[in-house]
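Tertiary structure, described
The primary structure of each chain is shown beneath.
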Amino acid sequence: MKRWAVLEHTNSAVRRASKVVGKGKGTPEEIDAARAVLSNYRLAHAFPLNAVTVTAKTRALDVNPNAVVAQRHKRLPTILDKLKRHPSMSVTTMQDLGGCRVVFESVSEVDELVADLRDLPRSRNRVRRVYDYLRSDPGPRESGYRGIHLVYEYGASKEEYHGLQIELQVRTQLQHAWATAVETMDLFSGSELKYGQGDPDVLRFFVLVSCLMAHEEGVAPVPGAEAPVDDLLVELARLEESLGVVGRLRAYESLVGNHATSDRRNVLTLELWRREGRLTVTVHETLALAQERLTELEALDDEDLDAVLVNIARISQLREAYPNYYADTGRFTEFVTSRLDGTAG
């Protein structure tokens, strides 16, 4: 039986804890206590996240039986870092503490699922906002990120979770491959490309690739990369020659071995030690045990360690859903090399 975490603190207490962490003002004991409050608030999203995921999975598999569906909690270090970058922010306003991801083969499948979910009759978990990063409102990000996000507000059977928000990301395989490559670079190199920080040439490289993918999928170009395809390819070739991004991604992939072949439903923790390129996948019998292990790992406060809790229907899909932890960037590098070699169909 799963034991769902429940909220142990008021929203006011959570907001105060957010400020303590964001401003970094307080004794070590006060900061540790604040972190514990934020950790509980994050873990309390597990039940609403599961509810949203069940609906998304059912509808996604109706669209395409091969759709990949997975869920995860936002990493505590990521939350803490965001609060430090935005000291006036509270985690109570974050929409993605609990996140579900669906990956499809095509844009038309993405559109079909989004249209279905946003208009579901009698659903008490309402879609409060849709962010379309493919066309408009708001359109592709300047970083090159693309996809569609639906923000849910939980309002179903368990009143103790009412008002908690869950984010559903819907992407194509190409969009997922791009995001995976960016996250892999960040994981292994310590960069922050995902947040628009780092080597300007590397950032530009990913913008160009994203725009080439957008051309292929027939959606809006990435801001700042609206040039014709041939011009984008010339610039991309120059950057790849000087940066060797493809080679770096392939080197990261060679560090990490294969894991996870069972098809049993599982709750897991993934532990990636960056410098060694060592990935440990641990299967837990209950969600509570997985949450306990994640809390232990995060308490180490080790910058070399990246840990995440994942709840996935079939563990054999783990690599597809979270390829950045495996440095699995094959789809991305194949796309880049095929375009540069002129072998695209």
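Please read these numbers as outputs of a predicted model, since none were measured by experiment.

Conventions and cut-offs
Residues numbered from 1 in each chain as written. Predicted model: local features only at pLDDT ≥ 70, side-chain atom pairs only at ≥ 80, totals over all residues. Heavy atoms only, no water. Axes fitted to C-alpha atoms, helices over the stretch in contact; angles between N-to-C directions. Helix = DSSP H or I, 4+ residues; strand = E, 2+ residues; numbered from the N terminus. Parallel < 35°, antiparallel > 145°, perpendicular 65-115°, else oblique. Contact = heavy atoms within 4.5 Å. Nonpolar A, V, L, I, M, F, W, Y, C, P; charged D, E, K, R; others polar. Salt bridge = Lys/Arg side-chain N within 4 Å of Asp/Glu carboxyl O. Buried < 20%, exposed > 50% of the residue type's maximum accessible area, 1.4 Å probe, protein only. Core = buried A, V, L, I, M, F, W, Y, C linked by side-chain atoms within 4.5 Å. Expected span 1.5 Å × (residues − 1).

1. Digging into the packing of helix α1 (residues 11-23) against helix α4 (residues 76-85)
Closest axis-to-axis distance for the α1/α4 pair is 7 Å, and the angle between their directions is 75 degrees. Between α1 and α4, the angle is such that the two are roughly perpendicular. Of the residues in α4, those touching α1 at Ser18, Val21 and Gly22 are Leu80, Leu83 and Lys84. Looking at the contact of α1 with α4 residue by residue, the class counts come to 3 nonpolar, 2 polar and 1 charged.

2. Remarks on the pattern of salt bridges
For the structure shown, the criterion picks out 15 salt bridges. Salt-bridge contacts for arginine 128 lead to glutamate 153; the nearest nitrogen and oxygen are separated by 3.9 Å. Of this pair, arginine 128 sits in strand β3 (residues 126-132) while glutamate 153 sits in strand β4 (residues 148-153), and the two are 25 residues apart along the sequence. The class of glutamate 153 is partly exposed, set by a relative accessible area of 30%. Here aspartate 132 ties to arginine 135 by a salt bridge, and the two come within 3.8 Å at their closest N and O atoms. For aspartate 132, a relative accessible area of 16% translates into the label buried. Via salt bridges that share partners, Asp111, Asp132 and Arg135 belong to a single interconnected network.

3. Notes on the nonpolar core
In terms of nonpolar packing, the biggest core is built from 42 residues, with Trp178, Phe205, Phe206, Val209 and Phe332 touching the most fellow members. Only α6 (173-189), α7 (200-217), α8 (229-243), α9 (245-255), β6 (266-273), β7 (278-284), β8 (305-312) and α12 (330-340) provide two or more residues apiece to this core. With residues up to four places along the chain from it excluded, the contact list for phenylalanine 332 reads Ala177, Trp178, Ala181, Phe205, Phe206, Val209, Met213 and Leu249. Among the nonpolar cores identified, the runner-up in size contains 26 residues, and Phe104, Val130, Leu134 and Leu150 belong to it.

4. Focus: helix α2 (residues 28-43)
With 16 residues, α2 ought to run about 22 Å at 1.5 Å a step, and its terminal C-alpha atoms sit 22 Å apart, in line with that. Every buried residue of α2 is listed here: Ala34, Arg35, Val37, Leu38, Ser39, Asn40, Tyr41, Arg42 and Leu43. Residues of α2 that are buried sit in contact with α1, α3 (46-63), β1 (68-73), α4 and α10 (287-299).

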